[in-house]
Amino acid sequence: MNDIYKNGVVILDFGSQYTQLIARRVRENNVFSEILSPNAKLKEIEERQPAAIILSGGPSSVYEENAPDFDHEILNSDLPILGICYGLHILAQHGGGHVVSDGKGEYGFADIDIQIDTGIFSAVSSSSVWMSHGDLVEKIPDGWHVLAYSSNGVIAAMANEDQTRVATQFHPEVHHTKEGQKILSNFLFNIAKCSKNWTPGNFIQEQIEEIQRIAGQGNVLIGVSGGVDSTVVAALVHKAIGNRCNAVIIDHGLMRKNEVRECLEALRNGLGVNIYSYDESKVFLSKLKGISDPEEKRKIIGNQFIYSFERIASEIGKMDYLAQGTLYPDVIESGISKGKSAHVIKSHHNVGGLPDDMALQLIEPLRDLFKDEVRKVGKELGLPDLLIDRHPFPGPGLGVRIIGEVTIEKIKILQEADKIYIDILHEDGLYNEIWQAFSVLIPVKTVGVMGDQRTYENLLGIRAVTSTDGMTADWFRMPKETLSKISNRIVNSVRGINRVVYDITSKPPGTIEWE
Ligand code: XMP
């Protein structure tokens, strides 16, 4: 394993909703972190050569039957350990302390009174922290001391004599804990002596060597969608193996206005990537003719994507590998921990799928990264902000943003309107505050008046949401001046739309997309 993965942190996940956040916060300190199951054996942990272990929080109580536990050998190792919430309870219990439920718990902001301001509390002045617990430590293990109490008298932090085992009842990873990042970095650097090797530059260097090692003299195929992940993969693979990297954009005709052109410009003209676009829009549109059911449209687009990709791949010549932009959250979700970066594709996968008999090996250079890290790597590779900061875009594209049947006329109307909407979000400095913004063409006609003319045209829905992962979302509180500008400019310049409505539905109960 390369140095960038050494001297980092292994996080044992006891099921906290914040576990991925802990991993990201650690990485923000340029320290590698990896999430493992709580069942991971000490040997498996030590193979990774970490400098420390973090025990996450979790929904269980340590005194419950079948409460999640870890390999007790870990306690005999020299690795520094930070326990957070459930991690604190489990350390207390194993050390001979006592954990109880007082029936009240602490949820939300709390104030703590720091008793010992060394170790994790070194140079920490704020007492405002974020709590989320029902259980609490009633008695700490022998030889340990309390570092802080909450204003309710609850033990908020504790440590062993030399502070190599330290635990907090509160959540330093949550940004509501005012100096959480300082507390975490005190642990990482003052206590665990982690290395700051995890930087975009080091990652790129390491991946270039890894891609060269895996691909050898082989040819690599990449399906680029216009989104940040596949774009960064193309730039990275190109940097590693030059023209043996073959990137293709399948233009299904359902992309946003100028998207294909901008992607080609950035990759081909900007970075010299061997990339070509294939205009498959006619075949996609003909298959979508007369279809208005959302699921059917998705299926048609997905299947046609596979047919087109297969045909184009066979036209390009012999390919040995397929590179794709799988990210770390996908890896965590699938339960596969860090392993070899290449394995044989068995069935369909998330570029849209390949036929089973296409014996390509898979290269996934981003499988250790979170989305924000992909963006940093993309910037370091020289990709323009326009591409890097772009909001997520669904595979079926505008096909699921045109309600009902998709036609070329409707696509054009939606592309024009959406471009105006997104341009205004940039103009008003709002684009980066929003997780995803887009327009939806609703082919319902309403009456309007322009000049002395009566109009009878389509409705446009505009949506903007805040979110962290797309699983839940809230509607963005758009300033009314911006809403007014969007509506005026669209209705005045896009023929076919005479009314604009703003979607104020959160997820749940709504979904982000309309279809
Ligand atoms: P929903 O509409 O399910 O969307 O709340 C959550 C996120 O997923 C995106 N999305 C898709 N992405 N293929 C994709 O690659 C799809 O078929 C697809 N459907 C929804 C959506 O844009 C949002 O970011």
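Computed from a predicted structure; not experimentally measured.

Participant: Help me understand the side chain of Glu262 in this model?
Facilitator: Mapped onto the elements, Glu262 comes out in helix α7 (residues 259-271). Here Glu262 is in contact with Leu386, Leu387 and Arg390, once residues within four sequence places are set aside.

Participant: Just to check I follow, could you spell out the sheet that holds strand β7 (residues 145-150) for this structure?
Facilitator: Two pairing modes exist for strands in a sheet, parallel and antiparallel, and in both the strands are linked by backbone hydrogen bonds. Ordered in space as β2-β1-β3-β4-β9-β8-β7-β5-β6, the nine strands form an open sheet in which the pairing is mixed. Each edge of the sheet is formed by a strand with only one pairing partner; in this case those strands are β2 (33-36) and β6 (128-139). Pairs of neighbouring strands in the sheet enclose a mean axial angle of 25 degrees, with direction left out of account. Summarising the sheet, strand β4 (residues 81-84) and strand β9 (residues 165-168) pair through four bridges and their orientation is parallel. Pairing of Ile81 across the sheet is with Arg165, part of β9. This element, helix α3 (residues 86-94), spans β3 (52-55), β4, β5 (98-114), β6, β8 (155-159) and β9 of the sheet and lies at about 115 degrees to β4. Along the sheet face, helix α4 (residues 180-191) touches β1 (9-12), β3, β4 and β9 and points at about 155 degrees away from the line of β3.

Participant: Explain the nonpolar core here, please?
Facilitator: The nonpolar side chains of soluble globular proteins are, as a tendency, buried together. Tyr421, Leu425, Leu460, Ala464, Met478, Ile490 and Ile497 are the most contacted members of the largest nonpolar core, which has 47 residues in total. For this core, the elements supplying multiple residues, two or more each, are β11 (245-251), α8 (281-288), α9 (294-316), α13 (408-427), β16 (436-450), β17 (453-466), α14 (480-493) and β19 (497-502). Take this core: its biggest share by element is nine residues, from α13. No fewer than three residues from each of domain 2 (200-388) and domain 3 (401-502) sit in this core.

Participant: Is there a simple way to explain the site of the ligand in this structure?
Facilitator: Taken together, Arg298, Pro394, Gly395, Pro396, Trp435, Gln436, Gly470, Lys507, Thr511, Ile512 and Glu513 are the residues near the ligand. A distance of 2.8 Å separates an oxygen atom of the ligand from a polar side-chain atom of Gln436. One of the backbone nitrogen or oxygen atoms of Ile512 is found 2.7 Å away from an oxygen atom of the ligand. Relative to its free-state accessible area of 500 Å², the ligand is covered by the protein chains to the extent of 66%. Its residues assigned to classes, the shell around the ligand shows four nonpolar, four polar and three charged.

Participant: Got a minute to help me understand the pattern of salt bridges in this structure?
Facilitator: Evaluation of the coordinates by the stated rule reveals 27 salt bridges. Residues Lys379 and Asp389 are paired through a salt bridge, measuring 3.5 Å at the closest nitrogen-oxygen approach. A residue pair is termed long-range when its members are at least 10 positions apart, and Lys379 in helix α11 (residues 371-380) and Asp389 in the loop between α12 (385-388) and α13 qualify at 10 residues. Overall, the relative accessible area of 21% leaves Asp389 in the partly exposed class. Residues Lys485 and Asp428 are paired through a salt bridge, measuring 2.6 Å at the closest nitrogen-oxygen approach.

Participant: Even after reading the chapter, I still don't get empty space enclosed by the protein, so can you show me in this structure?
Facilitator: To find leftover empty space, a probe the size of one water molecule is rolled over the atoms. In total, this model carries two cavities of 30 Å³ or more according to the counting rule given. There is about 40 Å³ of room inside the second largest cavity. Surrounding the second largest cavity, Tyr5, Gly8, Val9, Val10, Phe32, Glu34, Arg48 and Pro50 form its lining.

Cut-offs used in this document
Residues numbered from 1 in each chain as written. Predicted model: local features only at pLDDT ≥ 70, side-chain atom pairs only at ≥ 80, totals over all residues. Heavy atoms only, no water. Helix = DSSP H or I, 4+ residues; strand = E, 2+ residues; numbered from the N terminus. Contact = heavy atoms within 4.5 Å. Pairing = 2+ DSSP bridges. Axes fitted to C-alpha atoms, helices over the stretch in contact; angles between N-to-C directions. Core = buried A, V, L, I, M, F, W, Y, C linked by side-chain atoms within 4.5 Å. Buried < 20%, exposed > 50% of the residue type's maximum accessible area, 1.4 Å probe, protein only. Domains from an automatic or database assignment. Near = heavy atom within 4 Å. Polar contact = N/O pair within 3.5 Å; in protein donor to acceptor, adjacent residues only side chain to side chain. Areas by Shrake-Rupley, 256 points an atom, 1.4 Å probe, with all protein chains shown as cover. Nonpolar A, V, L, I, M, F, W, Y, C, P; charged D, E, K, R; others polar. Salt bridge = Lys/Arg side-chain N within 4 Å of Asp/Glu carboxyl O. 1 Å grid on protein atoms, 1.4 Å probe; cavity = no way out; pocket = protein on both sides within 12 Å on 5 of 7 lines; lining within 4 Å. Points joined across faces, edges and corners; volume = space filled by probe spheres on them.

Distances and angles like these do not, on their own, reveal function.
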